[in-house]
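Summary of structural features
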Amino acid sequence: MTLLRSPTVRLDVWQRTEDTPFAVRDVHHDQVFYVLDGHARLETDFGVLDLEPMDMVRIPRSVALRLVDVRDLHLIILATANALHVNPENDAVLSPAHVDAPRAYGSPDGRPGEHELVIRHGEHTTSYFYDYDPLPIIATAGAPVVQRFNLANVNALSVKGAASPPARLIDDPAAEAMIFYLGARDSGRPPVHHNADYDEIGVYAKGPGVFGALAVPGTAVWVPKGVIHQGPEENVPDGYVAWLIETRANLELTEAGRRIAQLAETNQFEVHPTVAHLVSVR
């Protein structure tokens, strides 16, 4: 289900209790999967990952994928027409040791039976059918294509007593879309401001502490560019984990987004009639 979209960027939520019946290859978008809840085995044509809560997985365009061994899986997905890269602020924020790539399949034969591969190109799709499993590989060469890290292994950037920008985790060369870490830190509260260039989407991931009025994992707040707001206090003793998307795209709520969104004030992100939107994706 798509909640926010523009011609170049989408924010989707995907809730599954069963395995995907076919593999999908999106040829127009790089994607970042964020695991809100549940577990699954992500099979790609670059190998396999076992997904856990708070995983972030970068999946470049034209990588085929399917989900198997699914157990109550809830995903938040950022899709963008620009190429995304795992590019942490520095090794102290996210150590290279905590960024991994898929492992090889246990068997190159894959699953028996007929297999469908759906090529997604914009609003249209094309299906191919195989009498063998088209995903398993024997080996890969070069830099990792699919990458994964877990937010539990990310550290905040802190400047004691002073507001400072959050730590970058993922970006693209044109700075059209970026993902930052918003965990609790010893830092001053961000100033009142408006972002002239970027829509902002903050996602609350985990407590026990709160981020403003955000306390339920999976709650997201969208602040369109130009809207005056203030980031809530980040120096929260109980601790919390959150993350932030910034995009130059001019996002709009879809009909599905409007059905679940509530207007929010822009100081603590409590529900209130202004122009920010508070969305629970659970």
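Read on for an overview of the structure.

Scoring rules and cut-offs
- Residues numbered from 1 in each chain as written.
- Predicted model: local features only at pLDDT ≥ 70, side-chain atom pairs only at ≥ 80, totals over all residues.
- Heavy atoms only, no water.
- Helix = DSSP H or I, 4+ residues; strand = E, 2+ residues; numbered from the N terminus.
- Rg over C-alpha atoms; globule rule 2.2 N^0.38 Å.
- Buried < 20%, exposed > 50% of the residue type's maximum accessible area, 1.4 Å probe, protein only.
- Contact = heavy atoms within 4.5 Å.
- Areas by Shrake-Rupley, 256 points an atom, 1.4 Å probe, with all protein chains shown as cover.
- Core = buried A, V, L, I, M, F, W, Y, C linked by side-chain atoms within 4.5 Å.
- Pairing = 2+ DSSP bridges.
- Phe/Tyr/Trp six-rings, centres within 6.5 Å; stacked < 30°, edge-to-face > 60°.
- Salt bridge = Lys/Arg side-chain N within 4 Å of Asp/Glu carboxyl O.

Along the chain, the regular secondary structure elements total one helix and 21 strands. Computed over C-alpha atoms, the radius of gyration of the chain comes to 19 Å, within 12% of the 19 Å expected from 2.2 N^0.38 for 282 residues, which places it in the range of a compact globule. Here the C-alpha coordinates of the chain stretch approximately 60 × 40 × 35 Å along the principal axes. Among the 282 residues that make up the chain, the fraction classed as buried is 51%. Sequence separation of 24 or more characterises 73% of the internal contacts of the chain that already satisfy a separation of 6 or more. Carbon together with sulfur atoms contributes 52% to the accessible area of the chain, which is approximately 12,700 Å² in total.

Mapping Val-223 onto the fold places it in strand 16 (residues 219-223). Note on Val-223: relative accessible area 3%, which makes it buried. In the structure, Val-223 is positioned 128 residues away from Ser-95 in sequence and 30 Å away in space, judged by C-alpha atoms.

Moving on: the nonpolar core. Residues Tyr-34, Phe-149, Leu-151, Ile-201 and Trp-243 are the most contacted members of the largest nonpolar core, which totals 37 residues. If we ignore the near neighbours within four places in the chain, the residues touching Trp-243 are Tyr-34, Met-56, Ile-76, Leu-151, Ile-179, Phe-180, Leu-182, Ile-201, Gly-202, Val-203 and Ala-205. In terms of nonpolar packing, the next biggest core, distinct from the first, is built from 16 residues, Phe-33, Val-35, Val-70 and Leu-73 among them.

Turning our eyes to something else, we now look at the pairing of strand 2 (residues 9-16). The element strand 2 is extensively covered by neighbouring structure, given that six of its eight residues are classed as buried. Examined bridge by bridge, strand 1 (residues 2-5) and strand 2 share three bridges and lie antiparallel to one another. Paired with Leu-4 across the two strands is Leu-11, which belongs to strand 2. Where strand 1 hands over to strand 2, the hairpin turn is made up of three residues, counted between the paired strands.

Sheet faces and side chains relate simply in a regular strand, where the side chains alternate between the two faces. When you tally the buried positions in strand 6 (residues 55-59), you get five out of five residues, the bulk of the element. Burial along strand 6 is two-sided: the residues Asp-55, Val-57 and Ile-59 and Met-56 and Arg-58 are all buried. Of the strand pairs in this sheet, strand 4 (residues 30-44) and strand 6 are connected by four bridges, and their pairing is antiparallel. If you follow Gln-31 over to strand 6, its bridge partner there is Ile-59. Here strand 6 pairs with strand 11 (residues 147-150) via four bridges, running antiparallel. Residue pairing for strand 11: Asp-55 is matched across the bridge by Asn-150.

Taken as a whole, this structure holds five aromatic pairs when the rule is applied. Pairing Phe-211 with Phe-269 gives two aromatic rings, centres 6.5 Å apart and planes at 55 degrees, and the pair type is tilted. Here Phe-269 lies in the loop between strand 20 (261-264) and strand 21 (276-280) and Phe-211 lies in the loop between strand 15 (199-206) and strand 16, a separation of 58 residues in the sequence. The same class applies to Phe-211 as to Phe-269, namely buried. Each member of the aromatic cluster is reached from another via a ring pair, and the members are Phe-211, Tyr-240 and Phe-269.

This next bit is on the pattern of salt bridges. Using the criterion set out here, one finds 15 salt bridges in the structure. With a closest N to O distance of 3.0 Å, Asp-12 and Arg-10 form a salt bridge. Residue Arg-10 is classed as buried on the basis of its relative accessible area, which comes to 4%. Arg-66 serves as the salt-bridge partner of Glu-43, at 2.6 Å between the closest nitrogen and oxygen. Of the two residues, Glu-43 sits in strand 4 while Arg-66 sits in strand 7 (residues 64-80), which places them 23 residues apart along the sequence.

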